[in-house]
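Residue-level structure breakdown
Each chain, letter by letter, is given below.
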Amino acid sequence: MGKELLLGSLAFGLFVVCPRMAGMMHVISGQESLSMMKTVLVGTLFSVPLLMLMVLVFGKFGVWGALAVCVLTDLGAALVMGSVSPRAGVETAVIALFVILGVKVAPLISRAFF
């Protein structure tokens, strides 16, 4: 394994553990019947093809295409979580809205400093 691949993979692994992920884990952990460890392990299997889709969409349509995939998967999560708990579905939708706001606001804030 090359140094670049190792460092890039480490950076990706660290990036995946983000505030959005923490928010979703908080929502999911509210479902007392779920084992968090099992949920994370099985969820990881579901996420691999979705991450590959994200890479392909990003390559073809850029960051806005990838963001569209994020929003669609967040809405899908809200629908799925709604079948577990309506409150969890609403919380998931709110997290998706904050992601969209963050993408819009972050460049404006960074321009003010740089």
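Our subject is the structure that appears above.
These remarks concern the structure in this document.

Rules behind the numbers
Residues numbered from 1 in each chain as written. Predicted model: local features only at pLDDT ≥ 70, side-chain atom pairs only at ≥ 80, totals over all residues. Heavy atoms only, no water. Core = buried A, V, L, I, M, F, W, Y, C linked by side-chain atoms within 4.5 Å. Buried < 20%, exposed > 50% of the residue type's maximum accessible area, 1.4 Å probe, protein only. Helix = DSSP H or I, 4+ residues; strand = E, 2+ residues; numbered from the N terminus. Contact = heavy atoms within 4.5 Å.

**Describing the nonpolar core**
Ranked by size, the top nonpolar core spans six residues in total: Met24, Val27, Ile28, Met81, Ala88 and Ile95. If you list the elements that add at least two residues to this core, you get α2 (19-29) and α4 (86-113). Considering every element that reaches this core, the biggest residue donor is α2, with three residues. Ignoring anything within four residues of it in the chain, the contact list for isoleucine 95 reads Arg20, Gly23, Met24 and Val27.

**A look at the environment of isoleucine 28**
With respect to the secondary-structure elements, isoleucine 28 resides in helix α2. Using a relative accessible area of 15% as the deciding quantity, one classes isoleucine 28 as buried. Leaving out residues up to four positions away in the same chain, isoleucine 28 has contacts with Leu34, Met36, Thr39 and Met81.

**A few points about the environment of alanine 93**
In this fold, alanine 93 is placed in helix α4. Exposure remark for alanine 93: the relative accessible area of 26% places this residue in the partly exposed category. Taking the C-alpha atoms as reference, alanine 93 lies 24 Å from glycine 13; in sequence the two are 80 residues apart.

Geometry only, nothing functional implied.
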